[in-house]
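Residues per chain are reported as follows:
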Amino acid sequence: MNDLFSGSFSRFKSEPNNSPDNYNPKGGVQMSAMGANLDKFFEDVEGIKDELKEIEQLHQHLHQSHETLKTIHNAKSIKNLRSQMDSDISLALKKAKLIKVRLEALDRSNASNRTQPGCGPGSSSDRTRTSVLNGLRKKLKDSMEGFNTLRQEIGSEYKETVKRRFFTITGESPDDKTVEILISTGESESLLQKAIQEQGRGKSY
């Protein structure tokens, strides 16, 4: 699979007690006392949280597909499943980039809000906005780190599978460059049927 996530989110910083779940937009926050209306802010936050949930669902789906991949031996089925896995990874990356843009927009909104009376740095309004925003950043960072770890695991295991298939057919161990070429050209999938024909179903794994 393509190296879709490496280095994309390393600059997000985490801070303690900054979970986006630590607020109650309907009662826990005294908006009038803050001197600012936070309705729009919390509406944007809820939208970001929904996007984060979708990334988590894609993560779970990718994990399930990875486990299924270990149990099927039909080349066409494997190819279709790997295509779906690539699609899930691409969609997760797009959603993560969208969230990043939305977080940056909230940063600008927070900066603008600090110019309002009673909402400057250190005010209740500013502390709430900053805490929630930092919590969202941490949640995105943790989510993408978990996704990247799974992606690397899938890629590593698939390369080992391709190496075993190649050895089954040729009796030789391929170097890394050969494995990369087999994967990038799609030839790695056709190796499965050849390996099954050589040694019987399942013995190439």
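Each remark here, short or long, concerns the structure printed above.
Residues numbered from 1 in each chain as written. Predicted model: local features only at pLDDT ≥ 70, side-chain atom pairs only at ≥ 80, totals over all residues. Heavy atoms only, no water.

Asker: For this particular structure, what's the right way to read the overall build of the chain?
Answerer: Helix and strand content of the chain: 6 helices and 0 strands. Listing the helices and strands of the chain from first to last along the sequence gives α-α-α-α-α-α. When each of the 205 residues of the chain is scored for burial, the buried share is 40%. Summarising the internal contacts of the chain: among those between residues at least 6 apart in sequence, 75% fall at separations of at least 24. Carbon and sulfur atoms provide 47% of the accessible area of the chain, an area that totals close to 11,400 Å². (Helix = DSSP H or I, 4+ residues; strand = E, 2+ residues; numbered from the N terminus. Buried < 20%, exposed > 50% of the residue type's maximum accessible area, 1.4 Å probe, protein only. Contact = heavy atoms within 4.5 Å. Areas by Shrake-Rupley, 256 points an atom, 1.4 Å probe, with all protein chains shown as cover.)

Asker: Can you help me understand the packing of helix α2 (residues 39-69) against helix α3 (residues 75-113) in this one?
Answerer: A pair of packed helices is characterised by two quantities: the angle between their axes and the separation of those axes. Running from N to C, α2 and α3 point in directions that differ by 160°, and their axes come no closer than 9 Å. Relative to α3, the element α2 lies roughly antiparallel. The way α2 lies across α3 gives a crossing that is left-handed. By residue class, the composition of the contact of α2 with α3 is 19 nonpolar, 7 polar and 7 charged. (Axes fitted to C-alpha atoms, helices over the stretch in contact; angles between N-to-C directions. Parallel < 35°, antiparallel > 145°, perpendicular 65-115°, else oblique. Left-handed = near helix turned anticlockwise from the far one by under 90°. Nonpolar A, V, L, I, M, F, W, Y, C, P; charged D, E, K, R; others polar.)

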